[in-house]
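The primary structure of each chain is shown beneath.
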Amino acid sequence: MKDLADKTDMVFILNSTDVNALKEAGFSNLDFVIVSIGENIESSILTLMTLKKIGVKNIIAKAITTVHGSILSKLGASKVIYPEREALLRTQNLNI
């Protein structure tokens, strides 16, 4: 936690699927949120839905599979990214 606190102005530890927790932390006042939950697809989807519910308009969400990404897109993610796939493609381009 201290490592993160040194790199940003605000750090929160909370249940990102809890509407009240997100509201109390001020997420409903944000214009832009990045959801970087990948391995726990259910939490990723529920977090996106909760952020949409409290009015966050612009959400970039990380996906680990194309099905996961499709669900995030259909639920209203502004953009879906696939960091692991993008890293693999970059590695393949190195011709190692």
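Preceding this section is the structure that the text describes.
In terms of helices and strands, the protein chain carries 5 helices and 3 strands. Listing each helix as α and each strand as β along the protein chain from the N terminus yields α-α-β-α-β-α-β-α. A principal-axis box enclosing the C-alpha atoms of the protein chain has dimensions of 50 × 35 × 20 Å. Across the 96 residues that make up the protein chain, the buried fraction comes to 29%. Long-range contacts, defined here as pairs at least 24 residues apart, represent 44% of the contacts in the protein chain between residues at least 6 apart. On the protein chain, roughly 6,700 Å² of surface is accessible, and the fraction owed to carbon and sulfur atoms is 54%. Taken as two groups, the 11 positive and 10 negative side-chain charges of the protein chain have centres that lie 8 Å from each other.

What follows concerns the environment of Gly38. Structurally, Gly38 can be placed in the loop between strand S1 (32–35) and helix H3 (41–53). The class for Gly38 is buried, based on a relative accessible area of 5%. Along the backbone, Gly38 and Glu84 are 46 residues apart, and their C-alpha atoms lie at a distance of 9.9 Å. Not counting residues within four places of it along the chain, the set of residues in contact with Gly38 comprises Lys62, Ile64 and His68.

What counts, and at which threshold
Residues numbered from 1 in each chain as written. Predicted model: local features only at pLDDT ≥ 70, side-chain atom pairs only at ≥ 80, totals over all residues. Heavy atoms only, no water. Helix = DSSP H or I, 4+ residues; strand = E, 2+ residues; numbered from the N terminus. Buried < 20%, exposed > 50% of the residue type's maximum accessible area, 1.4 Å probe, protein only. Contact = heavy atoms within 4.5 Å. Areas by Shrake-Rupley, 256 points an atom, 1.4 Å probe, with all protein chains shown as cover. Lys, Arg positive; Asp, Glu negative; His and termini not counted. Charge placed at Lys NZ, Arg CZ, Asp CG, Glu CD.

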